[in-house]
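Descriptive analysis of the structure
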Amino acid sequence: MGVRKRERAEQTKEAKKQVAFAKLNNCPTSPRKMRLVADLVRGQKVELALNILRFSQKEASRKLEKLLLSAINNYVQKNEDANLEEAGLFVKTITVDGGMMLKRLRPAPQGRAHRIRKRSNHVTIVLGSNNNIQSN
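Here we summarise the structure given alongside this text. (Residues numbered from 1 in each chain as written. Predicted model: local features only at pLDDT ≥ 70, side-chain atom pairs only at ≥ 80, totals over all residues. Heavy atoms only, no water.)

1. Concerning the pairing of strand E2 (residues 89–107)
Bridge analysis of E2 against strand E3 (residues 113–129) gives 16 bridges, and the strand direction is antiparallel. Within E3, the residue paired with Thr-95 across the bridge is Thr-124. Counting the residues between successive antiparallel strands, the hairpin from E2 to E3 contains 5 residues, one of them, Gln-110, with a positive phi of roughly 60°. (Pairing = 2+ DSSP bridges. Helix = DSSP H or I, 4+ residues; strand = E, 2+ residues; numbered from the N terminus.)

Written out as structure tokens, the structure reads:
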């Protein structure tokens, strides 16, 4: 490996250390309901986002809280020497995409059938660190 390529690889590795993410696939909640909760924590600091999710009445907030804790743990695993309070973690992006759909039939009047779509979603949380923004 050449010197320039190695230096570039080290730079990208350092840049990726400041970002941590977690994914939740095939969560059995409709994307529309999950987006309502996801919009509450988008762009918030991690401590505030955890409090919002903990005290929310929605069922989707429990799953997002668990996912956010997983993303925080991923950041800690990448940066063993970093302090969480000094890192200034915040929810950089949170995306909710539609997942697979279970299709069921429900009997309807006059011998017909209506299709029931049981939706699921995929959620991705990306955490950013304020240290990276201030140092550049």
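There's more to say after this.
2. What to know about the pairing of E3
In this sheet, E3 lies alongside strand E1 (residues 20–27) in antiparallel orientation, the contact comprising 6 bridges. Bridging from a neighbouring strand, Ala-22 pairs with Ile-125 of E3.

3. Some thoughts on the sheet that holds E3
With antiparallel pairing, the 3 strands of this open sheet are ordered in space as E1-E3-E2. With partners counted over all chains shown, the strands left at the sheet margins are E1 and E2, one partner each. The sheet shows a mean angle of 10° between the axes of neighbouring strands, taken without regard to direction. Seen against the sheet, helix H4 (residues 60–78) touches E1, E2 and E3 and runs at an angle of roughly 145° to E1. (Axes fitted to C-alpha atoms, helices over the stretch in contact; angles between N-to-C directions. Contact = heavy atoms within 4.5 Å.)

4. Regarding unusual backbone geometry
Apart from glycine, the bulk of residues carry a negative phi angle, and the bulk of peptide bonds sit in the trans form. You will see that Asn-26, though not glycine, has its phi angle at about 55°, which is positive. By the element assignment, Asn-26 lies in strand E1. Positive phi outside glycine occurs at Gln-110, with the angle close to 60°. Structurally, Gln-110 is set in the loop between E2 and E3. Judged by its relative accessible area of 71%, Gln-110 falls in the exposed class. (Buried < 20%, exposed > 50% of the residue type's maximum accessible area, 1.4 Å probe, protein only.)

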